[in-house]
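Residue-level listing of the chains:
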Amino acid sequence: MTSPYSHEANAEVADLQAALKAHGITLPSLGLDLASVVQTYGPPLVELGNCNLDTARALTAALRKAADR
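Not measured: the values here are computed from a predicted model.

Can you tell me about the overall build of the protein chain, naming the residues and giving the values?
Along the backbone of the protein chain there are three helices and two strands. Listed by position from the N terminus, the elements making up the protein chain come as α-β-α-β-α. Against the globule reference of 11 Å for 69 residues, the protein chain gives a C-alpha radius of gyration of 14 Å, more extended than a compact globule. With the C-alpha coordinates of the protein chain rotated into their principal frame, the extents come out at 40 × 25 × 15 Å. Looking at the protein chain as a whole, 23% of its 69 residues are labelled buried. Taking all contacts inside the protein chain whose residues are at least 6 apart in sequence as the whole, residues at least 24 apart take part in 51%.

Have a look at this one:
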């Protein structure tokens, strides 16, 4: 059985991927945490995954820029 939130969670991951891509950022391991998808007592967790230093710097810069708006 999968979480009743699975469709919503998949859509949110896709939205996050698109937002990151708009800033030239790709998180290769971005996805849903499998263990949290199969449980039914709460929304699944989004696994941001690993990234290299250049990606971390780009993400930091994008977040700082957005915070200054």
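Once you've had a look at it, read on.
Describe the pattern of salt bridges, with residues and values.
One pass over the structure, following the stated rule, counts one salt bridge. One salt bridge in this structure joins Arg-57 and Asp-54, with 3.3 Å as the shortest N-O distance. In this pair, Arg-57 and Asp-54 both sit in helix 3 (residues 53-67), three residues apart, roughly one turn of the helix. Comparing Arg-57 with Asp-54 shows no difference in burial state: the two are exposed.

Rules of the game
- Residues numbered from 1 in each chain as written.
- Predicted model: local features only at pLDDT ≥ 70, side-chain atom pairs only at ≥ 80, totals over all residues.
- Heavy atoms only, no water.
- Helix = DSSP H or I, 4+ residues; strand = E, 2+ residues; numbered from the N terminus.
- Rg over C-alpha atoms; globule rule 2.2 N^0.38 Å.
- Buried < 20%, exposed > 50% of the residue type's maximum accessible area, 1.4 Å probe, protein only.
- Contact = heavy atoms within 4.5 Å.
- Salt bridge = Lys/Arg side-chain N within 4 Å of Asp/Glu carboxyl O.

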